[in-house]
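Structural description and commentary
For reference, the chains in residue letters:
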Amino acid sequence: MRQFTFLARLSPLALTLLAVTGCGDLAPETQADPFMDHEPGAEEPSDPAAKPADVTTGPVVALTSIQREKAPLLAELMDGAPSRFRADLIADPSPASRLAEASAVLIDAEAASADDIRSYASVLRAARLAGVPVILENARDAEKVALALGIGMSAQVVYAAPSPGGQRFDVRVFGDVTGEETEEHSSVRLPASAKARYARMTADERAELGKKLERSEAELDALFDAAPEAEPITIDAKPRIASRSEVAQTALPARGELLAEIKGLLADHKAHALAQLVTEPLPEGTYRSYNVTSPSITWECGGDGQRSVIDRNFTVTLLASNAPEGKYVVFAGNGTQYNPGGLKWNSGNNRGYFQETLQHSIRPLSGGLSPYAHRPHSANESSTFTTSNGFSVGGGVGVDGPSTSFSFDVSEQASQSLNDFDVIDFSSGSIFGWQYKLASVSGHSYKKWEDLHNDTWGGLYGLPNLAKSTLTEEYEGIYSASLQDQSLYPVENVNLQSVRHTWVSHDYVLWEEIKTTSCGKAAGSVVTVDLSSVNVAKLGTIPFRETFDQGVAPSVWTAINEGITGSSSNWRGAGGAATETGSAFDYPQTAADGAVDMRGTYLVAPRTAFGQGALSAKIYAGDPDGFGLMYAINDTGSSYYRVMFDASLSVARLVRVDNGVFTELAVNTSYVPPQNAWMTVRVEREGTTHRIKVNGQVVLAVPSEVTYAWGSVALFSWAMSDVRFDDVTITTL
C-alpha cells in the first residue's frame, strides 16, 4: 500500500539483516500438552529407572503426536525438557526460528506417514543447518527414516546429530533388525592308523565309536572302507545344534539406561559439536556423510562362556558430483571391528574359540545403483594387500555456478599388512565383498582346520595375535547413479565372523584324535539411501523446493529491508506461506513513480543457486502494488535480476541491477496481474533467453542476456500490505 504523507527522501541506509519473527515464548511446563496421554502433575510411572535426573535437556520440538504407551522414550524426553511444543500446531507461524535454542527434534515414525515426513522438510533442513539432533522412535520403516535424514535403517530408535551446516551426521541405532546365526558344526580327524585300528575293533568298541561320532555301524563301515590307505581320516560329525537362519532384533537397553544414554548424547553434542568432514566449501545440498554406530553383536559358540564381538561401525557418504558427473554412494569402514573374546582354551592341546574367518559384503537389493570402485581391490590370498589413498571430496565456485568433485584412484596405492591373515577380494557384479582368513600358525600354512595340528610332534601350533584379538577392517565401496535419480535404494551391509575350537584327545587307544567345532554369526543391516537428498548444481542450478509448511526458517531465509519512505517490513510465516504485510517501500531516485529502480523489501535464500532452469512460485497479491521475484543474486546482494508486477501501474518489468544501478531489460505496460487470487509466476532461463510466465502465459521475454550466470533467489515486495508466496521451486529444464 502506497503512502503519500511523506515524500522527502532520507539518506541511503546500509542493508540491514532482519531476523524472521520468532515463535514467542514456548509453552511453559505447566501448560497442558494435547499430544501427551497425561496431564502435568499426574502420577508418573513407578519404574525408578524411567527418569534419570543426572542429565538435563533443553527445549524439544515434537513434529508428531507423542503418546507414552507408543513412544515412551520421546515422552520421557519431553517430560525432562523445560518446554515442549509441536511445531506445526503452536500459534506462532515460524517455529523453525527457535530451532537454534532446541535440544532435539522428535518424531514418532509410526505416527507419521511418508508424506507427513516430506512435509517436515523445512524444519528438518533447518535442524540440519543449525546442528540440532533428530530422534526417531518406532523407526521400523527404513524409508521413512531415509526421507527424514537421507539414510535410514529399521530400528526401534535412531539418533542423528548433524554438524553445523548439516553436511556430516553422527547416527546411533538402537534395537535394529539384524542377524543370521549359522549352524554350529563339529568334526574330528583320525590318523592313518585309524583304518587298521577300526578293523580290529570289537562290536562294542564300534558301537561306542559310532555313538561318539553320531554314526550308525553301517555308516562307519562305509566311511572306513572308503578311506584311503596311509592318510588321515576326517569325519564331519552331525551338527550339535540344528542349522537355522533367522532375523532378530537386537535387544534394547533397559528403558532408563536408554534414556540416560540419549540424554548423554544430547549433552555431549551440545558441548562438542561435530567437526566438518570436508574443509573445502561445498554447495549446500550436494554432500552428506553419516557415521553409523550400531549396538555391538555379542554372541557365544556352543554356550561355553566365551563371548565374541562384532562392532558394526561404518560411514555412508552421499554425493552429487560435477566431476565425475553423477550421484555416488560410498560405504566405508569407520572402526568396524571383530574380536573373538578371551579364548576359553589356549594350550598346546586345546585352542579356542579363535578367530578363523571374517567376511564382509555390500549388496544393493534393487537395481539403479552401479558398482563404481572399491578397495581392497586386488583379488589375492596374501597378508599384504593394496588399497587406494582414499575417497576425497572438493568443491568450488566458478562462472557456471557451485560445483563438487571427488577423487578415488586405486592406482594410487598404499600397502597394508595383516599379520598371518590373508585378504581375499571376492567382489563381483554389484556385490562388493572381502574375506579375511587365517593363513599362518606358528609359521606354518593354515588352509583348513586340520592344519593347526602338528603332525610331526603331536599337539597344536600356536595362534597368531589377530586370531586372538581385534581385527579392524578397512574398506571402501562406491556405487554410482545418474544425476537425475531421486530414488530410495536399500543396500544390504553384512559382517560375518567365524570362530573355531580345536583340541586333541586320546579317547581311542593307540591314536591321537583331533576334534573341532566351529560356528559363525552374521550381523546384517539394510541401509536405505535417499538420492533426492543430494543434487548437483547443474548449469549453476541446485534443485530446491520450499512450501513454508513449517514457517519461515531463518537458516534458509533472510529478510532484507531497503524501504526508506516506508520502512516497516514484516516478513513472517502464516497459513503455510511467506507473507509480507509491512508495506515497506522507497520512491525511485531518478524519476517519478514507476521508474525502474523501485526498492522495497525482499526475503532471500542465500544458499540457493539458480542459473539455467526454472524458478517458480505461487503468489497471492492482496494489494495493488509491487511484487515479484529476484534471481542470480550475488553474495553481497548488489547485483541481480528482478521481475516486478504492479497492478496500479498496469506494468510487468524485468530489470538487471549492477552494483545498485538499475537497467530495464523488458517491460509490458498493459499487463495487470491477478488480484486477490493465487497465480503462478515462472522464470525460465534457457541459454541466453529469459522468459517470464504467469499462469503459463509469457508476459516478458529477453532473448539475449548473459551478464549473471547464476546466484541465489528472493521474494520481492514494494509497498504491499498483503502479499503471500508459496511453493517456491528451482529446477533444471
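Refer to the structure above for everything that follows.
Residues numbered from 1 in each chain as written. Predicted model: local features only at pLDDT ≥ 70, side-chain atom pairs only at ≥ 80, totals over all residues. Heavy atoms only, no water.

1. As for the overall build of the protein
Counting secondary structure elements, the protein contains 8 helices and 49 strands. A burial count over the protein gives 56% of its 733 residues as buried. When the accessible surface of the protein is summed, it comes to about 29,100 Å², and 50% of that surface belongs to carbon and sulfur atoms. (Helix = DSSP H or I, 4+ residues; strand = E, 2+ residues; numbered from the N terminus. Buried < 20%, exposed > 50% of the residue type's maximum accessible area, 1.4 Å probe, protein only. Areas by Shrake-Rupley, 256 points an atom, 1.4 Å probe, with all protein chains shown as cover.)

2. Describing the packing of aromatic side chains
Here the structure, examined in full by the defined rule, presents 19 aromatic pairs. Consider the rings of phenylalanine 432 and tyrosine 479, whose centres lie 4.7 Å apart with planes at 35°: the pair is tilted. Residue phenylalanine 432 is found in strand β28 (residues 432–438), and its partner tyrosine 479 is found in strand β32 (residues 476–481); the two are separated by 47 residues along the sequence. Pairwise contacts between aromatic rings join Phe610, Tyr631, Tyr641 and Tyr708 into one cluster. One Lys or Arg, arginine 206, reaches over the ring of tyrosine 198 and ends 4.1 Å from the middle of that ring. (Phe/Tyr/Trp six-rings, centres within 6.5 Å; stacked < 30°, edge-to-face > 60°. Lys NZ or Arg CZ within 6 Å of the ring centre and 35° of its normal.)

3. Brief notes about helix α3 (residues 121–130)
The element α3 is extensively covered by neighbouring structure, given that 8 of its 10 residues are classed as buried. Buried within α3 are the following residues: Ser122, Val123, Leu124, Arg125, Ala126, Ala127, Arg128 and Leu129. Just downstream of α3 lies glycine 131, where phi reads positive at about 75°.

4. A word on unusual backbone geometry
Along the chain, alanine 323 connects to proline 324 via a cis peptide bond; the corresponding omega equals -5°. Considering the arrangement of structural elements, one finds proline 324 in the loop between β17 (313–322) and β18 (325–333). Tyrosine 353 follows glycine 352 through a cis peptide bond whose omega is -10°. The residue tyrosine 353 is located in strand β21 (residues 350–364) in this model. Unlike most non-glycine residues, aspartate 727 shows phi in positive territory, near 50°.

5. Some thoughts on the packing of helix α6 (residues 203–213) against helix α7 (residues 217–226)
In contact at an axis separation of 9 Å, α6 and α7 are set at 90° when each is read in the N-to-C sense. Classed by the angle they form, the pair α6 and α7 counts as roughly perpendicular. Contacts from Arg206, Leu209, Gly210 and Leu213 of α6 reach α7 at Glu217, Leu220, Asp221 and Phe224. Tallied by class, residues from the contact of α6 with α7 come to 4 nonpolar, 1 polar and 3 charged. (Axes fitted to C-alpha atoms, helices over the stretch in contact; angles between N-to-C directions. Parallel < 35°, antiparallel > 145°, perpendicular 65-115°, else oblique. Contact = heavy atoms within 4.5 Å. Nonpolar A, V, L, I, M, F, W, Y, C, P; charged D, E, K, R; others polar.)

6. Let's talk about the pattern of salt bridges
Within the structure shown, the criterion is met by 25 salt bridges. In this structure, the salt-bridge partner of arginine 255 is glutamate 76, at a minimum N-O distance of 3.1 Å. Linking arginine 255 in helix α8 (residues 255–271) with glutamate 76 in helix α1 (residues 72–80), this pair joins segments that are 179 residues apart in sequence. Classification of arginine 255 as partly exposed rests on a relative accessible area of 31%. Using a relative accessible area of 4% as the deciding quantity, one classes glutamate 76 as buried. Salt bridges sharing partners connect three or more residues here, namely Arg682, Glu684, Glu686, Arg691 and Lys693. (Salt bridge = Lys/Arg side-chain N within 4 Å of Asp/Glu carboxyl O.)

7. A look at the nonpolar core
Grouped together as the largest cluster of nonpolar side chains are 126 residues, with contacts concentrated most on Leu136, Trp557, Leu629, Tyr631, Phe645 and Leu715. Discounting chain neighbours no more than four positions away, the residues touching phenylalanine 645 are Asp625, Gly626, Phe627, Gly628, Val651, Ala652, Tyr671, Pro673, Val681, Ile692, Val694 and Val699. Counting residues in each nonpolar core, the second largest holds 21 residues, with Leu73, Leu77, Phe174 and Leu259 among its members. (Core = buried A, V, L, I, M, F, W, Y, C linked by side-chain atoms within 4.5 Å.)

8. Structural notes on helix α4 (residues 142–149)
Think of an α-helix as turning once every 3.6 residues; residues three or four places apart then point the same way. Burial within α4 is extensive, with 7 of its 8 residues counted as buried. All of the buried residues along α4 are Ala142, Lys144, Val145, Ala146, Leu147, Ala148 and Leu149. Residue aspartate 141 occupies the N-cap position of α4, its side-chain oxygen lying 3.0 Å from the main-chain nitrogen of glutamate 143. One or two positions beyond α4, positive phi appears at glycine 150, with a value near 110°. (Polar contact = N/O pair within 3.5 Å; in protein donor to acceptor, adjacent residues only side chain to side chain.)

9. Some details on the environment of alanine 373
Residue position: alanine 373 is located in strand β22 (residues 370–375). For alanine 373, a relative accessible area of 15% corresponds to the buried category. Along the backbone, alanine 373 and isoleucine 478 are 105 residues apart, and their C-alpha atoms lie at a distance of 5.3 Å.

10. Points about the side chain of aspartate 623
With respect to the element layout, aspartate 623 can be found in the loop between β40 (613–621) and β41 (626–633). Polar side-chain contacts of aspartate 623 include one of 3.0 Å to the backbone nitrogen of serine 721.

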